[in-house]
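# Observations on the three-dimensional arrangement
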Amino acid sequence: MHSIAFRRRAADRVTRVLFALSAIAVILPLFLIFFDLLWKGARELKWTLLADLPHPVGEPGGGIANGILGTLTIAGLAMAGGIPMAVMAGIYLAEYGRGKFASMVRFAVDMLAGVPSIIMGIFSYVLWVLPMKRFSAWAAASALAMIFIPIVVRTTEEMLKTVPASVREAALALGIERWKTTLFITVRTATAGIVTGILLAMARIIGETAPLLFTALGNQFWQTGLDQPIAAVPLQVFNYAISPYDDWHDKAWAGAVALIGMVLLISAGARYLTRVKK
Amino acid sequence: MENALKVKDLCAWFGNHQVLNNITMDIRRHAVTSVMGPSGCGKSTFIRCLNRMHDLTPGFRVAGEVLFDGRDIYSEKIDPVLLRRKVGMVFQQPNPFPRMSAFENVAVGLKFNGKKRSRSELAEAVEKSLRMAALWDELKDHLDRLGSSLSGGQQQRLCIARALAVEPEVLLMDEPCSALDPVSTAKIEELIEDLSDKYTIVVVTHNMQQAGRISDYVAFFLLGDLIEMDKAARIFTNPADKRTEEYITGRFG
Amino acid sequence: MTRKAGDNPKDLLFEKTTAVFAFGVLFLAFLLFALLVRESLPAIRKFGAAFLVTKTWDPVAESFGALPFIYGTLVSSFIALLIAVPLAVGSAIFINEFAPEWLKTPVAFLAELLAAIPSVIYGLWGIFVLVPVLRDWLMKPAASYLGFLPLFKGPVYGPSMLAAGMLLSIMIIPFILSVSREVLATVPRLQKEAVLSLGGTHWEMIRIVIGQHCIPGIFGATILGLGRALGETMAVTMVIGNRPDILLSIFQPGYSMAAVIANEFTEATGELYLSALVEIGLVLFLLTFVVNFAAKWILKTMVSRAARGL
């Protein structure tokens, strides 16, 4: 009897420790990655990183300024096209989406959200690069928009559905037309949540590399036009990382710090907005 | 014209379930009419029929007539949006628009119902409505506060001001005090009496004392039927129907 | 007889406008699938079903089979699940059941932060930190002592199935973790208290309650993690070794579907070569599609069952 109780209590203790250890094992890589980023990125982490064009191998210095501009350009294009489409589709699903058509749209959104990002690259390549016979910012932006849109459709629908029915009723009772109610009252009530979703989706597409490989292609110089190959920070990190040169490896780390800086800044903005909402 | 609204043989269904049976009543202009009865008697459903708030409820339908300005509000020619600007509503739970300031809450109906107004016209209209809702003195220096940050009683008066801002003729109030404390309730009741000089008011309540304090007329509903309607004093002292008497003397409900 | 509010022409116009955009999303999904199929057609016509089970990948001879990539994707994802599921479920239990209040939010937040790190940064870290460490501290010793087992056979280079699987596991843990926490949170408190009140220890409560309620949900979370792992590109490309062979040893390099597309797409000169790569994309698309919807279905039925109190 005594030994059974002892064994049960011992099992309780042991499993407690195991669960705690697994949590530590989950968090540990995060610290390791951030530590390595700062440690190995430090050598090249100067302000020229943000201001200069890349330098050739062996030449010290140089930066990823064209990549930062390129990343912002393609992400900006993707969002310019993606936000109206996704928010309007989200409004449709939340406000009118009851029938068969709406469930087909929801199915499509679920499907798109699960598609590996590299396949969006193939899509854009076939749609733009093949017919135009050149890599371009447009192609890259359309691949990123395909990743961006399903995320934002979902959050828009979810956020609009959190707006209480009493808000819509109040507007209805004031004699405000339904479309105005939706656009100026319901959407406005959910704005913070929708913007948060947009920012999180933006953070996601800014870090995407795979869909850019054969759409943006990359560029050593400043971009010359949206129908031309364009640089992007994740591509630069990738190319520096797989190069055989040590000084490029340092630049890969520094570029990675810049990239994660951008991503975290945007995510932090999103978190700040959700906090304000409460 | 003596009557603001005339209801004739109004029936209503949710799906197959009939909730109102042949209601016929006249609602007197510039008076307070209370609709009273135990829960589930159809009183809320009834006043929501008076400004077509059920339009968006799937499976809901009505038969009969509701005449406003001599025309049936359920006829093809009536635009429910315009109707609701004439027949406003205040709800059981105060429901100010959450992300808007007190000022915007009151101004919103005017802003979105077509006519362009200058800033000063809007400010004037907001002040007027807030004064009528007895909220101006408390709020004049805090118009930029979020509507949802006010106290419950203030929120409800804000909702009344919001409804008054679009200058309705009729104000429907669906148990406007049931979510409020006694002090706020007293303020709202006082307000209802003041407003009845200019507005036709229909109040749903399950509180008999309240109905007695504020009403000129009382309608008693039971299980979807209008049992009787009369002057308030009459209903409370000498009801015609036994069921009304039983309700009033607290034998059920 | 009651008109709908949508009868107002402006309301109707607005509804139809939003519907057009919603249709746009539907159209994009259709276009994606249609283009993948169209571009795969040359390869499908040439190789037929044999494409899926052929080992050769020879761009010069224009002879293509996807088996090494399918194998690599499945094996690396399987290794990832093997590592990720116990850790993710263990930490979910820790956060939900054992951690003191003040610790819950930070731990959950940090785990979520893992999901925000771009995949190329995982790859970078994988190349320069994880792979050398694994090679020198795990794979070399293991190969010299256990090398007689085909699974751990040398020679050890570093980039390998194991490295890809481990890196993937770190990347998919946040997803499995957050879904597992949601699943655990669906257990009614009364049931937990019932076990405790009968004199059970905390661990016994978890074992019983999870055994009764959470297995399908955790399975759903696992499948969801699998869906993530299958399509992951950059990190895998950077550490898997990129060799189109089927080798039993997890210390040996492999290749994955996403990785071969990433590496060879811009070099694919011939029509058939490109088409074969797109077909790999199509296979990957269908695979993740099936896996994601299986996960969704499992989680949904589980949630509805939990709602009915079963």
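Residues numbered from 1 in each chain as written. Chains lettered and ligands numbered in written order. Predicted model: local features only at pLDDT ≥ 70, side-chain atom pairs only at ≥ 80, totals over all residues.

Let us now look at the overall build of chain A. Counting secondary structure elements, chain A contains 11 helices and 0 strands. When the elements of chain A are put in sequence order from the N terminus, they spell out α-α-α-α-α-α-α-α-α-α-α. The C-alpha radius of gyration computed for chain A amounts to 24 Å, which surpasses the reference 19 Å derived for 278 residues by more than 25%, pointing to a less compact arrangement than a globule. In terms of principal-axis extent, the alpha carbons of chain A reach across some 75 × 70 × 35 Å. Here the analysis covers contacts within chain A between residues at least 6 apart in sequence; of these, 73% occur between residues at least 24 apart. (Helix = DSSP H or I, 4+ residues; strand = E, 2+ residues; numbered from the N terminus. Rg over C-alpha atoms; globule rule 2.2 N^0.38 Å. Contact = placed C-beta atoms within 7 Å.)

What follows is about helix α7 (residues 202-231) of chain C. In this model, α7 of chain C (30 residues) spans only 38 Å end to end at C-alpha, well below the 44 Å of a helix rising 1.5 Å per residue. Cys214 of chain C marks where α7 of chain C bends most, by close to 65°; the proline Pro216 of chain C follows one to four residues later. (Expected span 1.5 Å × (residues − 1). Bend = angle between axes of the 7 residues up to and from the residue.)

It is worth spelling out unusual backbone geometry at this point. Here Leu217 of chain A, not a glycine, exhibits a phi torsion of approximately 70°, which is positive. Relative to the helices and strands, Leu217 of chain A resides in the loop between α9 (191-206) and α10 (233-241). A tally of 20 C-beta atoms within 10 Å means that Leu217 of chain A is categorised as buried. A positive phi angle, close to 50°, is found at Asp9 of chain B, a residue other than glycine. Exposure remark for Asp9 of chain B: the 11 C-beta atoms within 10 Å place this residue in the exposed category. (Buried ≥ 20, exposed ≤ 12 C-beta atoms within 10 Å, placed from the backbone.)

Within soluble globular proteins, side chains that are nonpolar tend to cluster in buried spots. In terms of nonpolar packing, the biggest core is built from 280 residues, with Ala89, Leu144 and Phe148 of chain A together with Val25, Leu167 and Ile176 of chain C touching the most fellow members. Both domains that furnish three or more residues to this core are identified here as domain 1 (2-44) and domain 2 (50-277) of chain A. Residues within four places of Ala89 of chain A in sequence aside, it is in contact with Val105 and Val153 of chain A together with Phe21, Ala22, Gly24 and Val25 of chain C. (Core = buried A, V, L, I, M, F, W, Y, C linked by C-beta atoms within 7 Å. Domains from an automatic or database assignment.)

It is worth spelling out the confidence of the model for chain B at this point. Residues and elements named next belong to chain B. In the predicted model, chain B carries a mean pLDDT of 91, and 98% of its residues have values of at least 70. Least confident of the elements in chain B is helix α10 (residues 242-248), whose mean pLDDT is 89; most confident is strand β7 (residues 170-174), at 96. Complex prediction metrics read pTM 0.92 and ipTM 0.94. (pLDDT = per-residue confidence, 0-100.)

Now for the interface of chain C and chain A. Counting residues at the interface gives 71 residues for chain C and 68 residues for chain A. The biggest single contributor to the side of chain C that touches chain A is helix α1 (residues 9-47) of chain C, with 18 residues. Its residues assigned to classes, the side of chain C that touches chain A shows 48 nonpolar, 17 polar and 6 charged. (Nonpolar A, V, L, I, M, F, W, Y, C, P; charged D, E, K, R; others polar.)

Listed as interface residues are 15 residues of chain A and, on the opposing side, 20 residues of chain B. A total of 6 residues in the side of chain A that touches chain B trace back to one element, the largest contributor, which is helix α7 (residues 165-173) of chain A. Looking at the side of chain A that touches chain B, its residues break down into 8 nonpolar, 3 polar and 4 charged.

We now examine the sheet that holds strand β8 (residues 200-205) of chain B. Residue and element names in this part refer to chain B. Taking strand neighbours across the sheet as the criterion, the 6 strands line up as β6-β7-β8-β3-β9-β10 in an open arrangement whose pairing is mixed. Two strands close off the open sheet at either side, each with one partner strand: β6 (87-90) and β10 (225-231). Geometrically, the sheet is characterised by an average inter-axis angle of 20° between neighbouring strands, direction not taken into account. Pairing of strand β3 (residues 32-36) with β8 involves 5 bridges; the strand directions are parallel. Across the sheet, Ser34 pairs through a bridge with Val203, a residue of β8. Its contacts with the sheet place helix α6 (residues 152-165) against β6 and β7, and it is angled at close to 170° to β6. (Pairing = 2+ DSSP bridges. Axes fitted to C-alpha atoms, helices over the stretch in contact; angles between N-to-C directions.)

For helix α4 (residues 119-146) of chain C, spanning 28 residues, the distance from its first C-alpha to its last is only 32 Å, which falls clearly below the expected 40 Å at 1.5 Å a residue. Along its length, α4 of chain C shows its largest kink, about 50°, at Gly126 of chain C.

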